[in-house]
Amino acid sequence: MGSLDIAESCLNSIRQISDEVADAFLYLDAGCSEAFQFMGAFSLLMEIGARAICSLENLSYFDPVINWNSCHVVPAKKIVVITSRLLSDAHRYILRCLSIHQDVLRCTIFTSISEVAHSAYIDTPLGPDAFREYESLLLQDYEELMRKQRLEKHDLFSHDAGDQPTRTHQQEENFADEGWLRLGFHKQQSSKLPDSPDKGFDQTYPLNGSQGARLPLVVSVQHFPMILCPLSPHIFVLPSEGAVAEACLSIQQKDSLSPGLPPIASGLPSDGEETPPGATLTAHFLYHLAAKMDLKLEIFSLGDLSKSIGKTLMDMSSLYDVAGRNKRSAGLLLIDRTLDLITPCCHGDSLVDRMLSCLPRSERATFGPQVKGSQLQNKSISSGLMRAPLDFRIPFDSIFCGEECPTNGTQFMSECITSFISGWSLKHSELESTDIPQQDGKYTSDSVGDFNTFAMHGSFISTGNHLGENCLEAMFDKGTKDGALLIKKWLQETLYHERANSSVKIRPGFPNTNELMSMIKAIASNQASLLRNKGIIQVALAIKLALSEPQSSHWDALASAERILSVSTGDSQTLSSQIHDLLCKSISMQSQHSHAQRRHAGATSGPLSFQDAIILTVVGYILAGENFTTSGLGSPFSWEEERSLKEAIVDAILEFPDIAKFRFLHDIEEQLHEHHEKLKSQKPEETQTAQPVINFDEQWGSWEDDETENNEDQLYGDMQLKLELRDRIDNMFKVFHKLSRLKRESSFREGQLIRDYSGYSSVDRGLVYKLLSLLLRKHDIPGLEYHSSAVGRILKSGFGRFGLVQAKPRFGDQSILIIFVVGGVNAREVREAREALVESGNTRAELLVGGTTLLSPDDMFDLLFGSCSFQSFEDVKSMPI
């Protein structure tokens, strides 16, 4: 498309710190690992000369012995830590690194959070000179930790003349608990400590100083802003386990929907004291991103939180930009996610959305407690949002599974993989080579036992190309049919270039999954071809999974249900009955699935889950708010219509407590499960009572009275539980009421022109498409704010009377267009933005699309009601309508 390439800019930033990385142990936190995986940076880091790349949260006592670059024979004297978190949050892990690498003389820390952002963040103890302060505090804590460990080590070992050092069982437990478990080590790691110090703490840190003096540790903290996930050269999001994405975008108030979404736009000026931390960190991230790419931003915003971010951005530009004349001009459009919540909830025609919805994700890194006694401990620091990781796991091992292997090369690779996994498994490390299971040319999940940790998974890389065309970039532009045809064409071309001997029969037209898999296996028939074409193979595997059953039918069924809701907006009773039917159908499918699971464990769930029905209810309420006037207490439906919806949800939760992971039910989950088990135990008794019963009332009257009292207590407890559950569901529906009000708020009334553009409904086209189409045609958008520079504000305020007026720029006139959705973006919006640019005829402009995270319908459920929603029932209850 042009000269801008976000992924390449990130790699260039890594090259600029090559002197620090060379010959160093490199530690990355989960957010950095996520970002570096997308940009394909691991091979570059090894080329630069890193000794090893390790996980910051999951570091091991054996890390110092790793050496991936064989040219290094002397012990490493420096470590480099790259973190996407605040220094105060990463402190305990950095301290742990230093305690493990005893010979290190230099520690360099790169953080994606700038020094100014650290001082502006309310929950960090660091001040204006944050980096220098942290260097001093880290050295203090490190010296204190080493002193305690030296004393513990000295007390632990008794040095009797002529005897080897020994330690009692109680001393060993104390050393493990105080010296290691306090720093977050697991028991299995602490149990691997050496029994006697061959080169331990006593030699490295002598107590009396008579032995060789140790050089002081040098600590340096620097800013490294380019920690982001480039999904392609022109699409980016923030790492889900980084500080910016985890920071709250909404403070609990009446206009809040979720801590991970901007508040509902009110059109009123924002109070600077109530600016959420996510807005501050996002503004600093965008400012430094533009600075790294040599861009001078013309900032436009739509939505209250976006306007707050735009104001912060402009204030920073006025203070720090002193050499902006040589930079290229770019338009930045900030959009609040809450202006359009229906698009990420829908299952549109996007192949990438289909792929990402069915791919499994890695688990989040464990974030342990801070070090005791640390000067940086701050109990007010929250853990932030628990967003789902963006590390999508592509089933790469499926290439080596199946009935037959195409060639002997694949058989050899499967044997090598099995040998590698068996050899490196800690659980089976003592197995002889003769004990490796024979595969007979087949690689199955059962053949390697419990090696889940080492299962082969692929991942998306933004730099993957096919004949010069970026694979992911092209997939973002395609719908399901066009994308599948394109990947089929690419696989055929790859087969031709590799001259692979294949008996694959390829039929014209839309490819089926068997055809795709046959071509993939043919390309992977030897190791050289597999390595050369790993990028297209991984994308093809993800597409094959998305088009397989039941994933394909599930997506199509939900898309069909959304179209039905869209055409039912003519009458409130019809729309509410459609929502009620979807809820009841999902409950019925859940019941059938439960019965099927009792008969055979391999039974699959139906095409509509209860969580899907809740998301469809969200879509229905937003559509109702656009078309119906509010009746009753803020609901677009009548009292009777909404009551039936509430009762359906209450009955579903009572019958199946695990049917959906509602966060506001966490504190009564145990009671719900006890009630469920009680109902299950009563069902056989009910069937037995259908037989004739002999009446013994005269003889056993006293026993019957006792049973009656117990039954009354049970009924009272069950009634209390149902009332409590109904109360919580009532508050859940308050969130639905807020969703139905979105399009009737003041700022949305000003944007009526956007919503009615070309007659498209909210399900057909998203806000990004409508807004960008109008801006490229140079329409004026009510509610869109332009953040002028300091010079522009001066001219506007005082010198306009003398004719010195600065012309207001237009977003569509810029040669570089950046759209950033605060709260998250999905693949369908990226595709629609590209379509709007093509339809406008503006072929010279470069378009970059970004967001806080990559959203799917499941992510929207987590934001509104799941793990990323407000913490408890009290949080929901305290938010008035």
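Residues numbered from 1 in each chain as written. Predicted model: local features only at pLDDT ≥ 70, side-chain atom pairs only at ≥ 80, totals over all residues. Heavy atoms only, no water.

A. Structural context of the pairing of strand β9 (residues 328-336). The buried fraction of β9 amounts to seven of the nine residues, a majority that puts the element mostly inside the structure. Pairing of strand β8 (residues 295-302) with β9 involves eight bridges; the strand directions are parallel. The residue of β9 that forms the bridge with Ile-299 is Leu-332. Looking at chain direction, β9 and strand β13 (residues 816-822) are connected through six bridges and run parallel. What sits directly across from Leu-333, in β13, is Ile-819. (Buried < 20%, exposed > 50% of the residue type's maximum accessible area, 1.4 Å probe, protein only. Helix = DSSP H or I, 4+ residues; strand = E, 2+ residues; numbered from the N terminus. Pairing = 2+ DSSP bridges.)

B. Layout of the sheet that holds β13. Strand order across the open sheet formed by seven strands is β6-β7-β14-β13-β9-β8-β12, with mixed pairing between neighbours. Single-partner strands in this sheet number two, and they are β6 (229-232) and β12 (785-787). Direction aside, neighbouring strands of the sheet carry axes that sit 25 degrees apart on average. Looking at chain direction, β8 and β12 are connected through three bridges and run antiparallel. Considered in β12, the bridge of Ile-299 is made with His-787. Contacts from helix α12 (residues 277-292) reach β7 (235-237), β8, β9 and β13, with the element oriented near 145 degrees to β8. The strands touched by helix α32 (residues 827-840) are β6, β7, β13 and β14 (846-851); relative to β14, the strand with the most contacts, the crossing angle is about 160 degrees. (Axes fitted to C-alpha atoms, helices over the stretch in contact; angles between N-to-C directions. Contact = heavy atoms within 4.5 Å.)

C. Structural view of the nonpolar core. Membership of the largest hydrophobic core comes to 140 residues, with the highest contact counts inside it found for Ile-14, Phe-36, Ile-82 and Phe-460. Broken down by element, the residue count for this core peaks at 10 residues, all from helix α21 (residues 534-547). If we ignore the near neighbours within four places in the chain, the residues touching Phe-460 are Gln-37, Phe-38, Met-355, Leu-356, Leu-359, Phe-392, Ile-394, Leu-472, Val-539 and Ala-542. Ile-342, Ile-649, Leu-654 and Leu-863 belong to the second largest nonpolar core, which has 62 residues in total. (Core = buried A, V, L, I, M, F, W, Y, C linked by side-chain atoms within 4.5 Å.)

D. Structural detail: the packing of aromatic side chains. This model, assessed by the stated rule, comprises 16 aromatic pairs. Their ring planes at 50 degrees and their centres at 6.5 Å tell us that Phe-236 and Phe-285 sit as a pair that is tilted. Residue Phe-236 is located in strand β7, and its partner Phe-285 is located in helix α12; the two are separated by 49 residues in the primary sequence. An aromatic cluster of three or more residues is present, and its members are Phe-610, Tyr-621, Phe-637, Phe-662, Phe-664, Phe-733, Phe-736, Phe-861 and Phe-865. Taking the ring centre of Tyr-769 as reference, the NZ or CZ of Arg-765 above it sits at 4.2 Å. (Phe/Tyr/Trp six-rings, centres within 6.5 Å; stacked < 30°, edge-to-face > 60°. Lys NZ or Arg CZ within 6 Å of the ring centre and 35° of its normal.)

E. View of α32. Taking 1.5 Å of rise per residue, the 14 residues of α32 would be expected to cover 20 Å, and the 20 Å separating its terminal C-alpha atoms lies within 8% of that figure. Across the 14 residues that make up α32, a large majority, 10, are buried. Taken together, the buried positions of α32 are Ala-827, Arg-828, Glu-829, Val-830, Arg-831, Glu-832, Ala-833, Arg-834, Ala-836 and Leu-837. (Expected span 1.5 Å × (residues − 1).)

F. Seen up close, the packing of helix α24 (residues 610-627) against helix α25 (residues 639-655). Contact geometry of α24 with α25 gives a least axis separation of 12 Å together with a crossing angle of 160 degrees. By the angle between their axes, α24 is roughly antiparallel relative to α25. Both α24 and α25 take part in a crossing whose hand is left-handed. Here α24 contributes Phe-610, Ile-614 and Tyr-621 to the contact with α25, which in turn contributes Glu-642, Leu-645, Ile-649 and Ala-652. (Parallel < 35°, antiparallel > 145°, perpendicular 65-115°, else oblique. Left-handed = near helix turned anticlockwise from the far one by under 90°.)

G. Representation of helix α15 (residues 351-358) in the model. In terms of burial, α15 is a largely internal element, seven of the eight residues being buried. Burial in α15 covers these residues: Leu-351, Val-352, Asp-353, Arg-354, Met-355, Leu-356 and Cys-358. Those residues of α15 that are buried are in contact with α17 (471-476), α18 (480-498), α21, α22 (551-567) and α32.

H. Seen up close, the packing of helix α30 (residues 767-776) against α32. Axis separation between α30 and α32 bottoms out at 8 Å; the angle between their running directions is 20 degrees. It follows that α30 is roughly parallel to α32 by the angle criterion. In the crossing of α30 with α32, the sense of the turn from one axis to the other is right-handed. Residue-level contacts link Val-768, Tyr-769, Leu-772, Ser-773 and Leu-776 of α30 to Glu-829, Glu-832, Ala-833, Glu-835, Ala-836, Leu-837, Glu-839 and Ser-840 of α32. Taken together, the residues of the contact of α30 with α32 sort by class into seven nonpolar, two polar and four charged. (Nonpolar A, V, L, I, M, F, W, Y, C, P; charged D, E, K, R; others polar.)

Without other data, these values stay purely geometric and don't point to any function.
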